[in-house]
Amino acid sequence: MVEQTEKTRRKPRADAIRNRERLLAAAKTVFSRGGSEASLEAVARQAEVGIGTLYRHFPTRESLFEAVYRQEVDHLSELAEQLKDDAEPVDAVRRWLHANVQLVATKKGMLTALALAAYAPSELYAYSFDRLTTALGILLNRAVAAGQIRADVTPEDLLRALVGMCYMRDHPGWLEAVQRLVDVFVDGLCVGAANAG
């Protein structure tokens with residue numbers, strides 16, 4: 001009898017976890033198409049759940065948007081861990097910054113959250129800023145230790161520069177321009193770059 005009760009308790013929990021993951025995946029898709037103003041009904045339809053299920057997990061648009069953003073931040077953090085082992089130090093920094101730009105390009109609504117996180121003191125700001133600076137710091141410190149990147153730049157400096165580069169995201173051709181700027185920026189950080197001319 002006790003065993004049956006435990007199984008009964010586990011099943012809804014597994015369903016709830018699955019529904020939450022489906023909602024997050026659907027929200028990423030919907031937000032990438034329609035930005036942060038995309039309807040919650042569209043998210044529920046994409047996830048193939050009722051609107052009530054969505055509201056049980058995410059009572060407001062902001063809570064859903066924040067959960068999607070946190071998941072993206074976590075993916076960037078995981079990418080840094082992977083790059084520190086799989087890529088040359090400068091290339092790892094470059095690829096991580098490019099991944100951030102791609103995030104902005106494919107998730108139209110995400111830059112709104114990034115700007116919010118960058119400028120508005122909040123729990124989301126603390127979470128994302130800590131995760132992103134830690135992730136980038138791992139890669140940057142490795143490149144500095146290898147003598148390949150200047151030691152007088154911080155992860156915070158790089159993130160602020162990246163937000164600034166992505167500011168004109170609604171203009172035609174901005175993605176190519178920003179990717180090029182990231183390359184110029186990273187090249188400029190390399191040791192000896194100041195004396196290259």
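Everything quoted here is computed from the prediction, not taken from an experiment.

Visitor: How would you summarise the overall build of the protein if you had to cite specific residues and measurements?
Guide: Helices and strands together make up the secondary structure of the protein, namely nine helices and zero strands. For the protein, the α and β elements follow one another from N to C terminus as α-α-α-α-α-α-α-α-α. Out of the 197 residues belonging to the protein, those deemed buried represent 40%. At a minimum sequence separation of 6, the contacts of the protein that also span at least 24 residues come to 70%. Carbon and sulfur atoms make up 54% of the accessible area of the protein, which totals about 11000 Å².

Visitor: Describe the nonpolar core, naming the residues involved and giving the relevant values.
Guide: Core analysis: the biggest nonpolar cluster contains 34 residues, and V93, W96, L97, I149 and V182 have the highest contact counts within it. Broken down by secondary-structure element, the contributors of at least two residues to this core are α4 (61-86), α5 (89-106), α7 (123-145), α8 (155-165) and α9 (174-189). Ranked by residue count, the leading element in this core is α5, at eight residues. Once residues lying within four places of it in the same chain are set aside, the contact partners of I149 are V90, V93, L140, A143, V144, L189, C190 and V191. Formed by 19 residues, the second largest nonpolar core is a distinct cluster that contains F31, V43, V49 and V68.

Visitor: Mind laying out the packing of aromatic side chains, listing which residues take part and the relevant values?
Guide: Across all of its chains, the model carries zero aromatic pairs by this definition. If you follow R70 out to its NZ or CZ, it ends over the ring of Y127, 4.4 Å from the centre.

Visitor: Break down unusual backbone geometry for me, with residues and values.
Guide: In this structure, E48 is a non-glycine residue whose phi angle is positive, near 60 degrees. Residue position: E48 is located in the loop between α2 (40-47) and α3 (51-57).

Visitor: Which residues make up the pattern of salt bridges, and what values go with them?
Guide: Enumeration over the complete set of coordinates arrives at 10 salt bridges. Ionic pairing is found between D74 and R131, a salt bridge with its closest N-O pair at 3.1 Å. Separated by 57 residues along the polypeptide, D74 in helix α4 and R131 in helix α7 bring together distant segments of the chain. The partly exposed category is assigned to R131, whose relative accessible area is 28%. Among the salt bridges present, the one from K84 reaches E81, with a minimum N-O distance of 3.0 Å. Residue K84 and its partner E81 are both found in helix α4; the two are separated by three residues, about one turn of the helix. The class of K84 is partly exposed, set by a relative accessible area of 28%. Residue classification places E81 among the partly exposed positions, given a relative accessible area of 35%. Put simply, R94, D183 and D187 are held in one network by salt bridges that share partners.

Visitor: Can you break down the environment of A44 residue by residue, with the values?
Guide: Note that A44 resides in helix α2. Through-space distance from the C-alpha of A44 to that of L54 is 6.3 Å; in sequence the pair is 10 residues apart. Contacts of A44, omitting those with residues within four sequence positions, involve L23, V49, G50, I51 and L54.

Analysis parameters
Residues numbered from 1 in each chain as written. Predicted model: local features only at pLDDT ≥ 70, side-chain atom pairs only at ≥ 80, totals over all residues. Heavy atoms only, no water. Helix = DSSP H or I, 4+ residues; strand = E, 2+ residues; numbered from the N terminus. Buried < 20%, exposed > 50% of the residue type's maximum accessible area, 1.4 Å probe, protein only. Contact = heavy atoms within 4.5 Å. Areas by Shrake-Rupley, 256 points an atom, 1.4 Å probe, with all protein chains shown as cover. Core = buried A, V, L, I, M, F, W, Y, C linked by side-chain atoms within 4.5 Å. Phe/Tyr/Trp six-rings, centres within 6.5 Å; stacked < 30°, edge-to-face > 60°. Lys NZ or Arg CZ within 6 Å of the ring centre and 35° of its normal. Salt bridge = Lys/Arg side-chain N within 4 Å of Asp/Glu carboxyl O.

Everything listed is a geometric property; what it means functionally is a separate question.
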